[in-house]
There are 2 protein chains.
Amino acid sequence: MQDIEIAQQAKLLPIGEIAQEAGIAPEKVEPYGKFKAKITLPVAESPKKLLGKLILVTAISPTPAGEGKSTVTIGLGDALKASGKKTMIALREPSMGPVMGAKGGATGGGYAQVVPMEEINLHFTGDMHALTAAANTLAALIDNHLYQGNTLQLDPKRIVWKRALDINDRALRQVVVGLGAATNGVVREDGFEITVASELMAVLCLAVDLQDLKQRLAQILIGYTYTGEPVTVGQLGVAGALTTILKDALKPNLVQTLEHTPTLIHGGPFANIAHGCNSVLATKTSLELADYTVTEAGFGSDLGAEKFLDIKVPVLGKTPDTIVIVATVRALKMNGGVAKTDLEQENLAALQRGYANLARHLQAMANYGVPLVVAINQFASDTSAELHLLVDLCQQAGVAVEVTDVWAKGGRGAEQLAATVAKSCELNSNFQRLYQPDQTLAEKIQTVVTKIYGGDGVEYSAQALRQLTEFKARGWDQLPVCLAKTQYSFSDDPKRLGAPQDFKIHVRQLIPKLGAGFIVALTGNVLTMPGLPKTPAANQIDVNAAGQITGLY
Amino acid sequence: MQDIEIAQQAKLLPIGEIAQEAGIAPEKVEPYGKFKAKITLPVAESPKKLLGKLILVTAISPTPAGEGKSTVTIGLGDALKASGKKTMIALREPSMGPVMGAKGGATGGGYAQVVPMEEINLHFTGDMHALTAAANTLAALIDNHLYQGNTLQLDPKRIVWKRALDINDRALRQVVVGLGAATNGVVREDGFEITVASELMAVLCLAVDLQDLKQRLAQILIGYTYTGEPVTVGQLGVAGALTTILKDALKPNLVQTLEHTPTLIHGGPFANIAHGCNSVLATKTSLELADYTVTEAGFGSDLGAEKFLDIKVPVLGKTPDTIVIVATVRALKMNGGVAKTDLEQENLAALQRGYANLARHLQAMANYGVPLVVAINQFASDTSAELHLLVDLCQQAGVAVEVTDVWAKGGRGAEQLAATVAKSCELNSNFQRLYQPDQTLAEKIQTVVTKIYGGDGVEYSAQALRQLTEFKARGWDQLPVCLAKTQYSFSDDPKRLGAPQDFKIHVRQLIPKLGAGFIVALTGNVLTMPGLPKTPAANQIDVNAAGQITGLY
């Protein structure tokens, strides 16, 4: 059975019941249809301590289809709830780009899904659309400022703000706007990025309340004057309007798993080209309400988890009690050199070679002093010998490991994982920062590259070198770094799988995200606007006269 | 008090109660927050006859601020309901373009408003965003097709599909996409239009069910092959995906007036650059449920009402029982030559001159054989002498006329109008089509220009002349015409106010909208993407820490 069929056959509880189970008062619940709601914050009248246990789910380096990190997160949440503990799950919102493109949605799979699957994967409660509208409204206001006299003396050649769409659209990466009649505005080079990579998404995910949202929006850098001075949204005078557009998007969204575990899905930055974590507000709300909060960060631990720990944790004010690393036999075999088409065949040698990838991720996460657990996400094609070998390798490395079968069994497929994770959460977590705020940007990037990626060092383009100096002079080097890098390799070359040795990371450009509060470093050839494949998923998606959707996955 | 303050002080009823009053079963109601809902169609198990009376509200030629057509529509609806008749109102959805730009929202004013005002004017239930997403997804799929081998042999120079944003953004009118690396796709000239002018909006407003929506989407023309053959969405194979994206947007939205009259707000094409009417589905639903349906069409009767009668009525299958023409002393004085800054001063001579504009609108609407009523929308600055003169002029012309004061008094300010309209609805309505489907496009345009605008004839550009021949050969001349024209004048020159004589309409281009089922004729200099003013409304909009919005109007 397909994921969408399982989801469509599910019996959902009214969202009011889910809210009640989560401990959210009815007057805080704004229904969006019968099975989705936005939550008015704060959920408690007086600030609550974040006493719940925080479990961060991350993964090895993925195959293009993903390794079931969301699926394991959901199954683990269901299993913890079934064990009698008050549990909530905190996930990211899917982007319609991959839904219409290649990867599909982000609502888990099999019997470990969040529902209503189609609605979450499409418009959900409109957060992504609100971000898109805000990003493009800001761009229109900037171009209008240029056209209407340009009192801020913005240099049209140095506008850094980009337009955004929640779509994979390669043709919009590099465009020229303002062509034609004089009344069509000022001609300049411009570009669109996918909404999940927009700074607005990061701001939404890191803001702690509406006031903070407005302050962060005001701090966003939109460009430079002719004399090279930075210009912000605040100077343009439209932080209030942007906050107004994003007011409701700031409220976390509540849904349920197939097993009715309350799940907050809020914010959706990609982890390769953005910071890859769901919102601080959703995670915080869950920590206030539940004994266990299971959350995930995108792609491998080198991307989402590193950013969770170095960018999100300082704002959240709470460190994880356990980090779960999801591994699959398939992806490790691919990391061990097996072609995508041959992953269904048993290959112990390749698995053993590919284990080096998992080992590198374990090593990376060990930097933070948080207890680790490996969750093997079982696929139907995995052989018993392969699963045994992988368990053995983990045990030899001294890390807790459990095999899960959540796709086929839901929470029941993660019972042992839940027990192991619960035990792990009682161990001493001795969180250490990877780098300190007062280190230079170059030192911070160097630290991520050597300690997390296992690389030798960093090579900067001439532009990036100039920017290091410039940003230091502007006082921006106090900010954490957010490396944009391919998800397929620890290096910046997507073809170097496994645990590559002797590589440098190439930083071609730095992008100050002053509202989000970090500096993006673009590495290798990574792009902030994906493209569609030869046969996009859109060609398979359909809906019948009764409104039933097919072809969404 | 400002409109937004009145709206924020209102006591709203839960949307479930409004639905119940309208006769909509609870299981058909999908709440979006506490005071908005989408309605699952059909509301009745078996198709109902459209027995309710249909009242179409239109207006004279407006000032840039609008003449309170929505306000009168709402007040009239409230008054009809207060008179004991089951009444519903059917309006269009506001666009965020004008909300952030100049004109403000579209939720009425004073004590004749629909609420929640801020939510309706911003994201509402996401219909506009869904249309934007669908329009840009289609564009991305087209550009991807060009890039991935172009099996349809689409000529990149003859793509007619445009990207869309619900934003006033002059810089996006004319752009070049696909610049940079080869992997950024095929370079070509392109442009964005405002979402309300996109064919998708027209399709959503004219579709009678999900199946019809899909068929219409499949028929949309996206461009031509190198050999000049038309290519449609259906040929690209993505009608199913677009229907899926628009599935929920097709459901009408229910809200309430300040006096709790059930109001369907659904679809929002502008009447100057699109067909200017709310959705067929919402109007139909209202006609099934209520004794009186009060609906409006955009701008003056030359635009929205003409298109309502010639484009929407044939799909709706129901003709209006009365047409109400809203007039204001201010706008007539402006049409009589008074400067915008002097409209507050009494000027009977200018009013008398400007009455010619109302007379022309009465003449235009008289073509259809539907009983007419003039509603004078009173402003605080109107003098008693001016109001008397205007009433006299109408009475001399033999048309029913009432003065309303709905801004200050809500439904109470339209009691007499309601009585007169109710009486008018009992008169014989003898609807006649303005033109017949089998007339040529040129004949249809000529008919609109001479009978509705009062012009002498039509001048075509060389391109438009070629298109007339081409469209005839393709069999597209069976479709109705949708003239895109300035709202300020009966002519295509926005400076010729009043009732201009001796003018021709200049058609510069025809655009086939095969999914919507009409041919757009672009006249004069009208643009399908507006721009922002020197000081956009966005600069005044703000929200405080408690989430209260200010500066929205």
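Residues numbered from 1 in each chain as written. Chains lettered and ligands numbered in written order. Predicted model: local features only at pLDDT ≥ 70, side-chain atom pairs only at ≥ 80, totals over all residues. Heavy atoms only, no water.

**Student:** Can you walk me through the overall build of chain A in this structure?
**Tutor:** Tallying secondary structure elements over chain A gives 19 helices and 25 strands in all. Over its C-alpha atoms, taken along the principal directions, chain A stretches across nearly 70 × 55 × 50 Å. Here the analysis covers contacts within chain A between residues at least 6 apart in sequence; of these, 74% occur between residues at least 24 apart. Accessible surface, chain A as shown: approximately 18,400 Å² in total, 50% of it carbon and sulfur. (Helix = DSSP H or I, 4+ residues; strand = E, 2+ residues; numbered from the N terminus. Contact = heavy atoms within 4.5 Å. Areas by Shrake-Rupley, 256 points an atom, 1.4 Å probe, with all protein chains shown as cover.)

**Student:** Explain the sheet that holds strand 22 (residues 504-513) of chain B to me, please; I cannot follow it from the model alone.
**Tutor:** Where strands meet in a sheet, backbone hydrogen bonds hold them as pairs that are either parallel or antiparallel. Residue and element names in this part refer to chain B. Across the sheet, 4 strands lie side by side as 20-22-23-21; this open sheet has mixed pairing. In this open sheet, the two edge strands, each paired with only one partner strand, are strand 20 (457-460) and strand 21 (481-484). Going from strand to strand, the sheet's axes swing by 40 degrees on average, the running direction of each strand aside. Two elements, strand 20 and strand 22, share 4 bridges in a ladder whose sense is parallel. (Pairing = 2+ DSSP bridges. Axes fitted to C-alpha atoms, helices over the stretch in contact; angles between N-to-C directions.)

**Student:** Whenever I open this one, the pairing of strand 22 of chain B confuses me. Can you help?
**Tutor:** Looking along a regular strand, one sees the side chains alternate between the two faces of the sheet. Residues and elements named next belong to chain B. By the bridge criterion, 6 bridges tie strand 22 to strand 23 (residues 518-523) in an arrangement that is antiparallel. Its bridge partner being in strand 23, Pro512 is matched across the sheet by Ile519. Here strand 22 folds back onto strand 23 in antiparallel fashion, the turn holding 4 residues, of which Gly517 has a positive phi close to 90 degrees.

**Student:** Looking at this model, I keep getting lost on the pattern of salt bridges. Mind explaining?
**Tutor:** Note on pairing: side chains with opposite charge can pair once their charged atoms come close. This structure, assessed with the given rule, holds 40 salt bridges over all chains. Of the charged contacts in the structure, one is a salt bridge between B:Lys214 and A:Asp542, with a shortest N-O distance of 2.9 Å. One end of the pair, B:Lys214, is in helix 8 (residues 210-219); the other, A:Asp542, is in strand 24 (residues 542-543), on a second chain. Residue classification places B:Lys214 among the buried positions, given a relative accessible area of 18%. (Salt bridge = Lys/Arg side-chain N within 4 Å of Asp/Glu carboxyl O. Buried < 20%, exposed > 50% of the residue type's maximum accessible area, 1.4 Å probe, protein only.)

**Student:** So what exactly am I meant to see when it comes to the interface of chain B and chain A here?
**Tutor:** Many authors give the size of an interface as the accessible area that is lost as the parts come together. Taken residue by residue, the interface counts 68 residues in chain B and 68 residues in chain A. Both sides together, the interface formed by chain B and chain A hides about 5,800 Å², and carbon and sulfur atoms give 60% of it. Where chain B packs against chain A, one counts 4 salt bridges. Viewed at the interface, chain A and chain B are joined by 33 residue pairs in polar contact (both at pLDDT 80 or more). Of all elements in the fold, only strand 1 (29-31), helix 4 (96-100), helix 6 (127-147), strand 8 (163-165), strand 9 (175-177), helix 8, helix 10 (239-246) and strand 24 (542-543) of chain B reach the threshold of two or more residues within the side of chain B that touches chain A. Considering every element that reaches the side of chain B that touches chain A, the biggest residue donor is helix 6 of chain B, with 10 residues. (Buried area = accessible area lost by both parts, 1.4 Å probe. Polar contact = N/O pair within 3.5 Å; in protein donor to acceptor, adjacent residues only side chain to side chain.)

**Student:** In this structure, what is going on with the packing of helix 12 (residues 301-316) of chain A against helix 14 (residues 348-366) of chain A? I would like to understand it.
**Tutor:** Any two packed helices are characterised by how steeply their axes cross, that is the angle between the axes, and by the distance between the axes. Residue and element names in this part refer to chain A. Axis separation between helix 12 and helix 14 bottoms out at 11 Å; the angle between their running directions is 10 degrees. The orientation of helix 12 relative to helix 14 falls into the category roughly parallel. Across from Ser301, Asp302, Ala305, Glu306 and Leu309 in helix 12, the residues of helix 14 making contact are His361, Ala364 and Met365. Taken together, the residues of the contact of helix 12 with helix 14 break down into 4 nonpolar, 2 polar and 2 charged. (Parallel < 35°, antiparallel > 145°, perpendicular 65-115°, else oblique. Nonpolar A, V, L, I, M, F, W, Y, C, P; charged D, E, K, R; others polar.)

**Student:** I would appreciate a short explanation of the nonpolar core in the present structure.
**Tutor:** One recurring pattern in soluble globular proteins is that nonpolar side chains are buried together. Formed by 285 residues in total, the largest nonpolar core has its most connected members in A:Trp161, A:Leu358, B:Trp161, B:Leu358 and B:Ile445. If near-sequence neighbours (up to four positions away) are discounted, B:Ile445 is found in contact with B:Val458, B:Tyr460, B:Val481, B:Leu483, B:Val507, B:Leu510 and B:Ala521. (Core = buried A, V, L, I, M, F, W, Y, C linked by side-chain atoms within 4.5 Å.)

**Student:** Even after reading the chapter, I still don't get the sheet that holds strand 21 (residues 481-484) of chain A, so can you show me in this structure?
**Tutor:** All names here are of chain A. Pairing within the open sheet is mixed, and its 4 strands lie in the order 20-22-23-21. The sheet is open, and its two borders are formed by strand 20 (457-460) and strand 21, each paired with just one other strand. Each strand of the sheet is rotated relative to its neighbour by a mean of 40 degrees, with strand direction disregarded. Packed onto the sheet, helix 12 meets strand 21 and strand 23 (518-523) and runs at close to 170 degrees relative to strand 21.

**Student:** Would you explain helix 11 (residues 280-289) of chain B in this entry?
**Tutor:** Since the α-helix packs 3.6 residues into each turn, any two residues three or four apart lie on the same face. The buried fraction of helix 11 of chain B is high, at 9 of 10 residues. Along helix 11 of chain B, the positions that sit buried rather than exposed are B:Val280, B:Leu281, B:Ala282, B:Thr283, B:Thr285, B:Ser286, B:Leu287, B:Glu288 and B:Leu289.

**Student:** Hey, could you run me through the relation of the copies chain B and chain A in this one?
**Tutor:** Aligned on chain A, chain B shows an RMSD of 0.0 Å; the corresponding rotation is 180 degrees and the shift along the axis is 0.0 Å. One copy is carried onto the other by what is essentially a two-fold rotation axis. Closest approach to the rotation axis within chain B is made by the C-alpha atom of B:Tyr32, at a distance of 2.1 Å. Same-surface contact between copies: 100% of interface residues of chain B are shared with the interface of chain A. (Least-squares fit on C-alpha atoms with pLDDT ≥ 70 in both.)

**Student:** How do you make sense of the UniProt feature "binding site: ATP" (unreviewed entry) in chain A when you look at a structure like this?
**Tutor:** Residues and elements named next belong to chain A. The sites that carry the UniProt feature "binding site: ATP" (unreviewed entry) are, in the present numbering, Thr63, Pro64, Ala65, Gly66, Glu67, Gly68, Lys69 and Ser70. Secondary-structure assignment places Ala65 in the loop between strand 3 (53-59) and helix 3 (69-82). Structurally, the position occupied by Gly66 is in the loop between strand 3 and helix 3. A relative accessible area of 19% places Gly66 in the buried class. (UniProt positions renumbered as here; feature names shortened; annotations may be inferred.)

**Student:** What's the story with the domain arrangement of chain A in this structure? I'm lost.
**Tutor:** Residue and element names in this part refer to chain A. The domain boundaries assigned to chain A delineate domain 1 (3-122 + 251-424), domain 2 (127-246) and domain 3 (441-523). In this complex, domain 2 contributes 13 residues to the contact, which on the side of domain 3 involves 11 residues. If you look at where domain 2 meets domain 3, you find 0 salt bridges. At the boundary of domain 2 with domain 3, the tally comes to 6 residue pairs in polar contact (both at pLDDT 80 or more). A total of 4 residues in the side of domain 2 that touches domain 3 trace back to one element, the largest contributor, which is helix 7 (residues 199-206). (Domains from an automatic or database assignment.)

**Student:** Where do I start with the pairing of strand 16 (residues 292-296) of chain B in this structure?
**Tutor:** Residue and element names in this part refer to chain B. In terms of residue burial, strand 16 counts as a mostly covered element, since 5 of its 5 residues are buried. What you see with strand 16 is no split at all: Tyr292, Val294 and Glu296 on one side and Thr293 and Thr295 on the other are buried throughout. By the bridge criterion, 5 bridges tie strand 3 (residues 53-59) to strand 16 in an arrangement that is parallel. Looking across to strand 16, one finds that Val57 is bridged to Glu296.

**Student:** Whenever I open this one, helix 15 (residues 384-396) of chain B confuses me. Can you help?
**Tutor:** All names here are of chain B. With 13 residues, helix 15 should cover 18 Å at 1.5 Å per step; its first-to-last C-alpha distance of 18 Å lies within 8% of that length. All of the buried residues along helix 15 are Glu386, Leu387, Leu389, Leu390, Val391, Leu393 and Cys394. In this structure, the buried side of helix 15 is in contact with helix 13 (329-335), helix 14 (348-366), strand 18 (372-377) and strand 19 (400-404). The first or second residue beyond helix 15 is Gly398, which carries a positive phi of 80 degrees. (Expected span 1.5 Å × (residues − 1).)

**Student:** Just checking my understanding: could you explain unusual backbone geometry for this structure?
**Tutor:** Excluding glycine, most residues fall at negative phi; most peptide bonds, likewise, are trans. Residues and elements named next belong to chain A. The omega angle of the peptide bond from Val115 to Pro116 is 0 degrees, so this bond is cis rather than trans. Within the secondary structure, Pro116 is located in the loop between strand 6 (112-115) and helix 5 (117-121). Phi at His260 is positive, roughly 70 degrees, even though this residue is not glycine. Note that His260 resides in the loop between strand 14 (253-257) and strand 15 (262-265).

**Student:** What is the right way to look at the packing of helix 6 of chain B against helix 7 (residues 199-206) of chain B in this model?
**Tutor:** All names here are of chain B. For the pair helix 6 and helix 7, interaxial distance at closest approach is 9 Å and the crossing angle is 125 degrees. Relative to helix 7, the element helix 6 is oriented oblique. Our pair here, helix 6 against helix 7, has a crossing hand that is right-handed. Touching Met128, Leu131, Ala134 and Ala135 of helix 6 are Leu200, Met201 and Leu204, all from helix 7. Residues that form the contact of helix 6 with helix 7 fall into these classes: 7 nonpolar, no polar and no charged. (Left-handed = near helix turned anticlockwise from the far one by under 90°.)

**Student:** Which parts of the structure should I look at to understand empty space enclosed by the protein?
**Tutor:** Here the idea is plain: a probe the size of a water molecule rolls over the atoms and shows the empty space left. As enumerated under the stated definition, the model contains 7 cavities of 30 Å³ or more in all. Considered as a void within the structure, the largest cavity measures approximately 430 Å³ in volume. Contributing to the lining of the largest cavity are 37 residues, with A:Tyr32, A:Thr125, A:Gly126, B:Thr125 and B:Gly126 lying nearest its centre. Here the residues of the lining of the largest cavity sort into 14 nonpolar, 10 polar and 13 charged. (1 Å grid on protein atoms, 1.4 Å probe; cavity = no way out; pocket = protein on both sides within 12 Å on 5 of 7 lines; lining within 4 Å. Points joined across faces, edges and corners; volume = space filled by probe spheres on them.)

**Student:** Please clarify how the packing of aromatic side chains should be interpreted in this entry.
**Tutor:** Two aromatic rings, taken as a pair, are described by how far apart their centres are and by the angle between their planes. Residue and element names in this part refer to chain B. By the definition in use, this model includes 6 aromatic pairs over all chains. An angle of 20 degrees between the planes, with centres 6.0 Å apart, marks the rings of Tyr368 and Phe431 as stacked. Separated by 63 residues along the polypeptide, Tyr368 in the loop between helix 14 and strand 18 and Phe431 in the loop between helix 17 (415-424) and helix 18 (441-453) bring together distant segments of the chain. Accessibility expressed as a relative area gives 0% for Tyr368, which makes it buried. The ring of Tyr224 carries Arg158 above its face, with NZ or CZ at 4.0 Å from the centroid. (Phe/Tyr/Trp six-rings, centres within 6.5 Å; stacked < 30°, edge-to-face > 60°. Lys NZ or Arg CZ within 6 Å of the ring centre and 35° of its normal.)

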